[in-house]
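The chain contents come next:
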Amino acid sequence: MKSHPQVPLEDELGDVLEKAMSCAGLTPETLSERSGVPVSGIRDAVDYRPELGPDECRRLAAALGLNEVGLCALASGKYPLPDSEGLPFRVWPLRMAHGIGVVNAYVVGGEGGRGLLFDTGPGEGALEAVWPGHVHGIDGIFVTHIEAEHAGGLVGAVGRFGVSQAFVPAGAEAASARPMGEGEVFSLGALRVTAFRTPGHCAMHNCYHVTSTAVPSARSLLISGDLVFAGSAGGPYHCHKQLRAHLRRVLAAVPPDTVVAPGHGPMTTAGNELRYNPFVA
Ligand SMILES: [Fe+2]
């Protein structure tokens, strides 16, 4: 699988600063007092006019408890994105416009034109417009969290493919889907899917780790939903402490070369995000 360098990062420096200020309960004014960076520079960065130098970035990272190297890389437009080649199964990222943004779902290829679907996009039409021609059957659907942009197409996809095995995070409810909790495993041929319970962005959120039992030494895949993005994290709407704790826990629980496939933005790896993600301090 080729990496997709043309896919822009989901969050720019300003988005990361805004999320981190909300986590820390700081305003541009109180962050300025704490960091010594002029409030105008912080406001400009939040408004996507970043002119912060490396020293100011370092002071902001320290004041917000962020990863300094990753924050400076974002500020200079040089956030590293590793390749995502060498997986033992095919992955089709399905990128769908929703509102002012773009949301990702993924098909992971099994045998004979069949596969597993992770998240379902905002609706049946959106999913159909980007559907990979080689995939004719779906044997399991896994939803990271119940939000319109990630789960709006669930009922349509279940109906279209006659899927009997659809899963949502334990505690969440959706028609025609069953709960999947921490450590639960689903197997289909050589594909194995293990759930991580990862509240933070919302209360009921799962990540899914996909491995191949046919090639146990090969790279694996982590479907990360809105827990972690390349260079950022989902909005901490439920609990920022849980979000950051689960982000670190899950990235450290899988091998460093694991390909991370987020709900928004480009793919990355677990090792890359442990090293550079601003929210892994
Ligand atoms: Fe989302």
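In case you missed it, the structure is sitting above this.
Residues numbered from 1 in each chain as written. Predicted model: local features only at pLDDT ≥ 70, side-chain atom pairs only at ≥ 80, totals over all residues.

Here we look at the nonpolar core
Argument step 1. By size, the foremost hydrophobic cluster in this structure holds 75 residues, and its most contacted members are Leu71, Val108, Phe118, Ile141 and Ile223.
Argument step 2. Non-local contacts of Val108, meaning those with residues more than four positions away in its chain, are made with Phe89, Val91, Gly115, Leu116, Phe118, Leu191, Val210 and Leu221. (Core = buried A, V, L, I, M, F, W, Y, C linked by C-beta atoms within 7 Å. Buried ≥ 20, exposed ≤ 12 C-beta atoms within 10 Å, placed from the backbone. Contact = placed C-beta atoms within 7 Å.)

A word on the pairing of strand β10 (residues 221–225)
Argument step 1. Burial analysis of β10 places 5 of its 5 residues in the buried class, which makes it a mostly covered element.
Argument step 2. Neither face of β10 is left uncovered, since the one carrying Leu221, Ile223 and Gly225 and the one carrying Leu222 and Ser224 both have all their residues buried.
Argument step 3. Here strand β9 (residues 206–212) runs beside β10; their pairing, made up of 3 bridges, is antiparallel. Residue Tyr208 lies in a different strand from β10, and its bridge partner there is Ile223. (Helix = DSSP H or I, 4+ residues; strand = E, 2+ residues; numbered from the N terminus. Pairing = 2+ DSSP bridges.)

Side note on helix α4 (residues 54–64)
Argument step 1. Within α4 the residues assigned to the buried category are Glu56, Cys57, Leu60, Ala61, Ala63 and Leu64. Looking down the long axis of α4, one finds its buried residues gathered within 165° of arc, a one-sided arrangement. In this structure, α4 carries Pro54 and Asp55 as exposed residues pointing more than 90 degrees from its buried face.
Argument step 2. Turning to α4, the residues buried within the fold contact α1 (13–24), α2 (28–35), α3 (39–46) and α5 (68–75).
Argument step 3. Looking one or two places after α4, you find Gly65, whose phi comes out positive at around 65°. (Arc of directions from axis to C-beta.)

Details of α1
Argument step 1. Between its terminal C-alpha atoms α1 stretches 16 Å, which fits the 16 Å expected from 12 residues at 1.5 Å a residue.
Argument step 2. Among the residues of α1, Leu13, Val16, Leu17, Lys19 and Ala20 are the ones counted as buried. The buried side chains of α1 occupy one side of the element, clustering within an arc of 165° when seen end-on.
Argument step 3. Tucked into the core, α1 has its buried residues touching α3, α4, α5 and β12 (232–233).
Argument step 4. Gly25 lies just past α1 and shows a positive phi near 65°. (Expected span 1.5 Å × (residues − 1).)

Quick notes on the pairing of strand β4 (residues 137–142)
Argument step 1. Relative to β4, strand β3 (residues 114–118) runs parallel, the two sharing 5 bridges. Looking at the pairing, Arg114 lines up with Gly137 of β4.
Argument step 2. For the segment spanning β3, helix α6 (residues 124–129) and β4, crossover handedness is right-handed.
Argument step 3. Relative to strand β5 (residues 166–169), β4 runs parallel, the two sharing 2 bridges. Paired with Ile141 across the bridge in β5 is Ala166. (Right-handed = clockwise from strand over helix to strand, strands pointing away.)

What is shown is where atoms sit, not what they do.
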